[in-house]
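Remarks on the overall topology
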Amino acid sequence: MKITQVNVEVFTYPTRRSVDAAGHAHPGEESLAKMAMLRIATEDGVEGYAFGAPELIRPHIIDSFVRKVLIGQNVMDREKIWQDLAHWQRGSASQLTDRALALVEQALWDWAGRKFKQPVHKLIGGYRDKVLAYGSTMCGDDLPGGLSTPEEYGRFAEQLVARGYKAIKLHTWMPPISFAPDPKMDVRACAAVREAVGPDIALMLDGYHWYSRTDALYIGRELEKLNFAWFEEPMMEESAESYAWLAANLDIPVLGPESLGGKYMSRASWVGQGACDILRAGVAGVGGIAPCLKVAHLAESYGMHCEIHGNGAANLAVVGAIKNCDWYERGLLHPFLNYDDVPAYLNSIVDPMDSDGYVHLPDRPGLGEDINFAYIETNTVN
Ligand SMILES: O=C(O)[C@H](O)[C@@H](O)[C@@H](O)C(=O)NO
Ligand SMILES: [Mg+2]
């Protein structure tokens, strides 16, 4: 079945999610954001879709790389298409990103699910039909009543437990917040949350990402006293040696890498260097669902868990198809925002959570996005 069309529709939608100077999300005034829908069609008229930032799949990327590789190829040859695209990355002057590869590959999976009327996690090979979620907070802020003090983290954590979460991951304060980075404030927020939720809720920290080895060691040892489940990305992930040193000096599991490039190859290096106790990969960060599965299977070969980075249909599909992952990252959450609010371009969210803290894998065909095509058509801007 040959691919005949690759198109991108950019549309606007209202959001209260704003981004700070360091790229971290926080609540803000309602504004109009742009989203791109990648649409891949075959000669039989069946289509697959993926949503992402417009700049990732801007016309230069689609015209110079994606269309050249995809048009005429068999839509079921996902691995060959992915390898062909990946080989264009080196010569693209870093313009063809892993995130762009991930969007193309996701749309190919979505096509297959829609064609064969199966959810992607079942096409991969399902492992589960529900998964416990952890509430992943937004980074700390300076908003009164938000996440501006350790006490406010504690109060929010109580709300999350009441909603049904059985685990909470704190993203704490980062620059441009005036006092950040501050290891002691990070620890105070973690202590306030532990105090608020008691001993039976799993807690994790994913704070400032540029600490020194000694600062990271200090925080890690404090997290051990608070019985945290894992310690995530406290230092630059380019230094696997630093993580190997940290993991050797801590008992709390060190988890990573999240934001490091290098797809499944860098993850293999981390395992080989003992740089983490739990591996990490997200569909966007490693170039797609199949590369993410390669990381999860690598981890499984070493008796390790692989906790999948990020929310959304593609990450949820991977979680649904692997055993060595305990959680689905549901977020990012904030006291001022309701995560369950449905974006205007969807008819329902892909990851509703029940009162026991479980997200049920979607049984809709494809990635499971319940797309509001009429809204997208009406609000398309390109
Ligand atoms: O932009 C980021 O750093 C990530 O999106 C982050 O906020 C969050 O997704 C994360 O680190 N999860 O583990
Ligand atoms: Mg993280």
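In case you missed it, the structure is sitting above this.
Residues numbered from 1 in each chain as written. Chains lettered and ligands numbered in written order. Predicted model: local features only at pLDDT ≥ 70, side-chain atom pairs only at ≥ 80, totals over all residues. Heavy atoms only, no water.

Focus on the site of ligand 1
Around ligand 1, the neighbouring residues are His-24, Lys-169, His-171, Asp-206, Glu-232, Glu-258, Arg-280, His-309, Glu-329 and Leu-332. Lys-169 has a polar side-chain atom sitting 2.6 Å from an oxygen atom of ligand 1. His-309 has a polar side-chain atom sitting 3.0 Å from an oxygen atom of ligand 1. In the complex, the protein chains occlude 75% of the 330 Å² of accessible area that ligand 1 would expose alone. Each residue belonging to the shell around ligand 1 can be placed in one class, and the counts come to 1 nonpolar, 3 polar and 6 charged. (Near = heavy atom within 4 Å. Polar contact = N/O pair within 3.5 Å; in protein donor to acceptor, adjacent residues only side chain to side chain. Areas by Shrake-Rupley, 256 points an atom, 1.4 Å probe, with all protein chains shown as cover. Nonpolar A, V, L, I, M, F, W, Y, C, P; charged D, E, K, R; others polar.)

Some thoughts on the environment of Arg-78
Summarising the element assignment, Arg-78 is placed in helix 2 (residues 78-89). The exposure class of Arg-78 is buried, given its relative accessible area of 17%. In contact with Arg-78, other than residues within four places in its own chain, are Leu-108, Trp-109 and Ala-112. (Helix = DSSP H or I, 4+ residues; strand = E, 2+ residues; numbered from the N terminus. Buried < 20%, exposed > 50% of the residue type's maximum accessible area, 1.4 Å probe, protein only. Contact = heavy atoms within 4.5 Å.)

Topic: the pattern of salt bridges
Applying the stated criterion across every chain yields a total of 18 salt bridges. Across the pair Lys-294 and Glu-79 runs a salt bridge whose closest N-O atoms are separated by 2.8 Å. In this pair, Lys-294 sits in helix 11 (residues 289-301) while Glu-79 sits in helix 2, placing the two residues 215 residues apart along the sequence. Overlapping salt bridges bring together Lys-169, Asp-206, Glu-232, Glu-258, Arg-280 and Glu-329 as one network. (Salt bridge = Lys/Arg side-chain N within 4 Å of Asp/Glu carboxyl O.)

A word on the coordination of the magnesium ion (ligand 2)
For the magnesium ion (ligand 2), every protein donor is listed as Asp-206 (OD), Glu-232 (OE) and Glu-258 (OE), and the spread of their distances is 2.0 to 2.1 Å. Linear spacing of the donor residues for the magnesium ion (ligand 2) on their chain is D-x25-E-x25-E. Here the residue Asp-206 occupies a position in strand 6 (residues 202-206), and Glu-258 occupies one in the loop between strand 8 (254-255) and helix 9 (263-272), the gap between them amounting to 52 residues. As far as burial versus exposure is concerned, Asp-206 and Glu-258 are alike and both buried. (Donors = N, O, S within 2.8 Å, 3.2 Å for Na, K, Ca; no water.)

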